[in-house]
Amino acid sequence: MKYTNYCNPSDFRQLSNSCNHYEAYFDEDDASYITYIAAYFDTMLIGFISCITPDLSVTDEQQICYVEITAMVHPNYRHKKIFSNLLSKLYIIIEDMFIQFNEKNKTSVLIQFICAVNEKNAKKHHLAFHSCDYLMILKDINELNQENQKLITKDKSLPNNIKKDYQCYFNSDKSCYMLFYKNFSSPVAVCELDYFQSYTCISSVYVDSDKRGKKIGTCLIQNLIQDYFHFECKQPPLILHVSSTNPAAFQLYKNCGFSVCEQVNYYYLNVIYTQNK
């Protein structure tokens, strides 16, 4: 068995296909923002683990950095501790990053690994629950029931100064939706849109820090919904992901007419990697 920090892209695709097309974090063109380890048996890739390289300067108030890991093991090589070995080796790499960061910046940031695991396996391995990720969807507003229609009526619940002082626009290719304040040259709130055949994904929703708590996010999303479903006669549903660790955002999207269509649970993996450290 050979463990390496290089993975041939074609090997990755083959392993993904053997794992029901599951895809761990991997970028064939630029792997600088991803940390990963690959397990080879002779010339065959049989295991892979990865995470987004943590930004240690961004932590919560408790100085904990949560690192989400993704992994896959070839079906013929499961139950041979390959995942445990990969996780242990990845932990050592990430832990070294934390040690160096803490020494350089005189901080005490801690690491916590989390992973999406089904409830059955979580109970089997006695994993503690961390959070969940909601996939939310909004279909054509013309098809919504009367109650939800009231929720997303454009600007209905917004203060008069927001109606008067703010304007929203798509950029030229409609990949970005922006909210501007009066004569400001740059937006104070933005979000990105990725278009697919059966849905459009909203991501990277951002509001300037000094504008938060003033219904600016609500204004952005409400106007986006109205403009999106009206610039063409028939549009695919809007979808987005939001974490249970961000209840304010979840409530905003719910109030704007989005509903939960899928839930993914994340669990701490400390129980596993401390045993293999």
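Conventions adopted
- Residues numbered from 1 in each chain as written.
- Predicted model: local features only at pLDDT ≥ 70, side-chain atom pairs only at ≥ 80, totals over all residues.
- Heavy atoms only, no water.
- Salt bridge = Lys/Arg side-chain N within 4 Å of Asp/Glu carboxyl O.
- Helix = DSSP H or I, 4+ residues; strand = E, 2+ residues; numbered from the N terminus.
- Buried < 20%, exposed > 50% of the residue type's maximum accessible area, 1.4 Å probe, protein only.
- pLDDT = per-residue confidence, 0-100.
- Contact = heavy atoms within 4.5 Å.

Draft legend 1. Region of the structure containing the pattern of salt bridges. One pass over the full model with this rule turns up 2 salt bridges. Close ionic contact of K123 with E119 constitutes a salt bridge, the shortest N to O distance being 3.5 Å. With K123 and E119 both in helix 3 (residues 119–124), this residue pair falls 4 residues apart, about one helical turn. With a relative accessible area of 58%, K123 lands in the exposed category. For E119, a relative accessible area of 48% puts it in the partly exposed group.

Draft legend 2. Representation of the confidence of the model for the protein chain within the structure. In this model, the protein chain carries a mean pLDDT of 86, and residues with pLDDT of at least 70 account for 87%. The element-level mean pLDDT for the protein chain is lowest in helix 8 (residues 270–276), coming to 42, with strand 3 (residues 44–52) highest at 97. A low-confidence stretch, residues 271–277 stays under pLDDT 50, and its non-local contacts, those more than four residues away or across chains, total 18 contacts.

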